[in-house]
Amino acid sequence: MTRGRSRRYLRRVHRSVQYPEPTNASATRVMLGNRKADTKPELRLRSELHRRGLRFRKNFATSAGGRRIVVDVVFPRHRLAVFVDGCFWHMCPEHGTSPNSNRWYWTPKLRRNAERDGEVDELLRAIGWRVLRVWEHTCASSAAGEIEAALRGPNHAMRHADRLVDAS
Ligand SMILES: [Zn+2]
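Just so it is clear, the structure is predicted and the values come from calculations on it, not from any experiment. (Residues numbered from 1 in each chain as written. Predicted model: local features only at pLDDT ≥ 70, side-chain atom pairs only at ≥ 80, totals over all residues.)

Below, the discussion takes up the overall build of the chain. Within the chain, the regular secondary structure consists of 7 helices and 4 strands. Each helix (α) and strand (β) of the chain, taken in turn from the N terminus, gives the series α-α-α-β-β-β-α-β-α-α-α. For the chain, the residues scored as buried account for 23% of the 168 residues in total. Counting only contacts in the chain whose residues sit at least 6 apart along the sequence, the fraction spanning at least 24 positions is 63%. (Helix = DSSP H or I, 4+ residues; strand = E, 2+ residues; numbered from the N terminus. Buried ≥ 20, exposed ≤ 12 C-beta atoms within 10 Å, placed from the backbone. Contact = placed C-beta atoms within 7 Å.)

Along strand β3 (residues 80–85), 6 of the 6 residues are buried, which leaves the element largely enclosed by surrounding structure. Burial along β3 is two-sided: Leu80, Val82 and Val84 facing one way and Ala81, Phe83 and Asp85 facing the other are all buried. Here strand β2 (residues 67–75) folds back onto β3, and the loop between the two strands holds 4 residues, one of which, Arg79, carries a positive phi near 50°. Direction of pairing for β3 relative to strand β4 (residues 130–135): parallel, over a ladder of 6 bridges. Across the sheet, residue Val82 finds its bridge partner in β4, namely Leu132. (Pairing = 2+ DSSP bridges.)

Another aspect to go through is the nonpolar core. Grouped together as the largest cluster of nonpolar side chains are 22 residues, with contacts concentrated most on Val74, Leu80, Ala81, Val82, Leu132 and Ile147. Where this core is concerned, the elements lending two or more residues are α3 (40–51), β2, β3, α4 (103–126), β4 and α5 (140–152). The element that contributes the greatest number of residues to this core is β3, accounting for 5 residues. Beyond its immediate chain neighbours, meaning those up to four positions away, Val74 contacts Phe56, Arg57, Phe60 and Ala81. (Core = buried A, V, L, I, M, F, W, Y, C linked by C-beta atoms within 7 Å.)

Interaxial distance between α3 and α5 falls to 9 Å at its minimum, and their mutual angle equals 60°. The orientation of α3 relative to α5 falls into the category oblique. The interaxial crossing formed by α3 with α5 has right-handed handedness. Side by side, α3 and α5 meet where Arg44, Leu45, Glu48 and Leu49 of the first sit next to Ala140, Ser141, Ala143, Ala144 and Ile147 of the second. Among the residues making up the contact of α3 with α5, the classes are represented as 6 nonpolar, 1 polar and 2 charged. (Axes fitted to C-alpha atoms, helices over the stretch in contact; angles between N-to-C directions. Parallel < 35°, antiparallel > 145°, perpendicular 65-115°, else oblique. Left-handed = near helix turned anticlockwise from the far one by under 90°. Nonpolar A, V, L, I, M, F, W, Y, C, P; charged D, E, K, R; others polar.)

Bringing the environment of Arg51 into the picture now. Of note, Arg51 is situated in helix α3. Linking Arg51 and Ala144, residues 93 residues apart in sequence, is a C-alpha distance of 10.0 Å.

Let's shift gears to the sheet that holds β3. Within the open sheet, the 4 strands sit side by side as β1-β2-β3-β4. Their pairing is mixed. This sheet does not close on itself; its edge strands, each paired only once, are β1 (57–64) and β4. When strand polarity is set aside, the average angle formed by the axes of neighbouring strands in this sheet is 45°. The sheet strands contacting α3 are β1, β2 and β3, and the helix crosses β3 at an angle near 140°. Here α5 sits on the sheet and contacts β2, β3 and β4; the angle it forms with β4, its principal contact strand, is near 170°.

Listed below in structure tokens is the structure:
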């Protein structure tokens, strides 16, 4: 009995150190879905923005500091960039706990994602953009409300742009 169990345990450990194998369908989906355009939360947010009569550009490509940056939603006249961040990939404090399996692989990768978000924010700010990041778990109407507030006044948006820096 004990022998069988420990052999099974060893096999699992052995497998997990070889390569990061998706443990379930949702892990597979998020592995494939890093910074993917037109995710469901993005679609919901965009239709809410439309409903409120706000005009914007989606998946807007720009370059800053020699880097190509694709912004989910942009208000060019206000120079406001909005990102809808996936909870898993961008380490949301509520849902972004790193996966228990393959932690050795995921943790540095997720940390790097969060660092990259900070770099992108800085690059955009350096060329005079304001950056607003909303979590994918934020409902479309609250996210749209934050965006409307940001369009009305710059200070509100800056506070949100600093969120990731504050959290680390
Ligand atoms: Zn979340």
